[in-house]
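Examining the three-dimensional arrangement
Okay, here's what each chain looks like letter by letter:
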Amino acid sequence: MSQQAVKFAYWVPNVSGGLVVSKIEQRTHWGIDYNRKLAQLAEAAGFEYGLTQIRFTAGYGAENQHESVAFSHALLAATTTLKVIAAILPGPWQPALAAKQLATIDQLTNGRIAVNIVSGWFKGEFQAIGEHWLEHDERYRRSEEFIRALKGIWTQDDFTFKGDFYRFNHYTLKPKPLGQPEVFQGGSSRAARDMAARVSDWYFTNGNTPEGIKAQVDDIRAKAAANNHSVKVGVNAFVIARDTEEEARAVLAEIIDKADPEAVNAFGDAAKQAGKASPEGEGNWAKSSFEDLVQYNDGFKTNLIGTPQQIAERIVALKAVGVDLVLAGFLHFQEEVEYFGKRVLPLVRELEAKAAIKQVA
């Protein structure tokens, strides 16, 4: 088990509809006032990161979406230590613009901006905004070039790059970021893991069991080592922490009972179709059931549902198989982030300390 404390990030609800495709009440709002307060609560609760979402079109319960980079900057302006990970989609963004945007925000916020490169899975969104749609592995090839361009621009003068998608000729960006912003990416396909093992600092995976996550961690770490690279791993989880397990399970049952079947099935069809386009015929949602798809990124599978003690033990079990960060979603964000900080996170730290003593002994 890593000696480093497991880190925590939360999904920023800059997109309407909450984090579950259900008609259950969600005391969460996509507006800036709600999100400023949430960012401050998350920072005080011990969260190190917030992750903004990138969406260009409505659908699956999300009728309104704030743009991720601008929204990230607004949250950074309202906090002092929280890092915000801005989601960026190659295609609509070019690396020169992204590198300059993020370098400026980095300068203005004392190095607290990071980036999540989203390769894209929803063909309809690309078509709606007039962006060329690439096949599965080509999207990851483009994303890899995008990341190599970002890192080159941020660290080199007279940067020159000759790729299939992007080209630079003796380009110098000034001012550069104070430090190199961390680069996150997601995906569960072979192409996604291979890309992370070459260029990304962090790899996000969908929710899964500890055994399923361990298989991915072992694969990506072995590939990264062969490339003289290292990559950290974050896992998605939808957290339902309540005083009793019965309460928590009842909330999960209500979420699923009140799920929007039309929206869930439409999302599932589009997501699974995208996965089938990969060479191995699978993607993030290949084995997801209807119940899993009620939470976009298989967050129920991670099973952080129960009492604070149960959830803390499961988080430490995830850490034991190589997870470095938990990316958490909640039903009622402000109240539940605060509860998590007071009731769950201290137990995680206690269990980590006990495990460290055992390792030394």
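Right above here is the structure, for reference.
Residues numbered from 1 in each chain as written. Predicted model: local features only at pLDDT ≥ 70, side-chain atom pairs only at ≥ 80, totals over all residues. Heavy atoms only, no water.

1. What to know about the packing of aromatic side chains
Per the counting criterion, the structure on display carries 18 aromatic pairs. Taken together, a centroid distance of 5.7 Å and an interplanar angle of 50 degrees make the contact between F159 and F168 tilted. Exposure remark for F159: the relative accessible area of 4% places this residue in the buried category. (Phe/Tyr/Trp six-rings, centres within 6.5 Å; stacked < 30°, edge-to-face > 60°. Buried < 20%, exposed > 50% of the residue type's maximum accessible area, 1.4 Å probe, protein only.)

2. Thoughts on the packing of helix α11 (residues 308-320) against helix α12 (residues 333-360)
Look at α11 against α12: their axes get within 9 Å of each other, and the N-to-C directions meet at 50 degrees. Viewed along their axes, α11 and α12 adopt a mutual orientation that is oblique. Regarding α11 and α12, the two cross each other, and that crossing is right-handed. In this structure, α11 uses P308, Q309, I311, A312, E313, I315, V316 and K319 to contact α12, whose residues at the interface are Y339, F340, R343, V344, L347, V348, L351 and E352. Of the residues assigned to the contact of α11 with α12, the class counts are eleven nonpolar, one polar and four charged. (Axes fitted to C-alpha atoms, helices over the stretch in contact; angles between N-to-C directions. Helix = DSSP H or I, 4+ residues; strand = E, 2+ residues; numbered from the N terminus. Parallel < 35°, antiparallel > 145°, perpendicular 65-115°, else oblique. Left-handed = near helix turned anticlockwise from the far one by under 90°. Contact = heavy atoms within 4.5 Å. Nonpolar A, V, L, I, M, F, W, Y, C, P; charged D, E, K, R; others polar.)

3. Focus: the sheet that holds strand β7 (residues 183-186)
The eight strands lie next to each other as β1-β2-β3-β4-β7-β8-β9-β12, forming a closed barrel whose pairing is parallel. Neighbouring strand axes in the sheet, compared pairwise and without regard to direction, differ in orientation by 25 degrees on average. Looking at chain direction, strand β8 (residues 202-205) and strand β9 (residues 232-238) are connected through four bridges and run parallel. Considered in β9, the bridge of T205 is made with V235. Helix-sheet contacts for helix α7 (residues 210-226) involve β8 and β9, and the interaxial angle to β9 is about 160 degrees. (Pairing = 2+ DSSP bridges.)

4. Some thoughts on the pairing of strand β4 (residues 113-117)
Burial within β4 is extensive, with five of its five residues counted as buried. Burial of the side chains of β4 extends over both faces: I113, V115 and I117 are buried on one face and A114 and N116 on the other. In the sheet, strand β3 (residues 83-88) pairs with β4 via five bridges, with the strands oriented parallel. Looking at β4, one finds that V84 is bridged to I113. Each parallel crossover has a hand, and for β3 linked through helix α3 (residues 95-108) to β4 it is right-handed. Relative to β7, β4 runs parallel, the two sharing three bridges. The partner of N116 across the bridge, within β7, is F184. (Right-handed = clockwise from strand over helix to strand, strands pointing away.)

5. Here's the deal with the pattern of salt bridges
Enumeration over the complete set of coordinates arrives at 26 salt bridges. Here R221 ties to D324 by a salt bridge, and the two come within 2.6 Å at their closest N and O atoms. With R221 in helix α7 and D324 in the loop between α11 and β12 (325-329), this pair connects stretches of sequence that are 103 residues apart. Across the salt bridge formed by R343 and D243, the nearest N and O atoms sit 3.2 Å from each other. Taken together, the positions of R343 in helix α12 and D243 in the loop between β10 (240-241) and α8 (245-257) put the pair 100 residues apart, joining distant regions of the chain. (Salt bridge = Lys/Arg side-chain N within 4 Å of Asp/Glu carboxyl O.)

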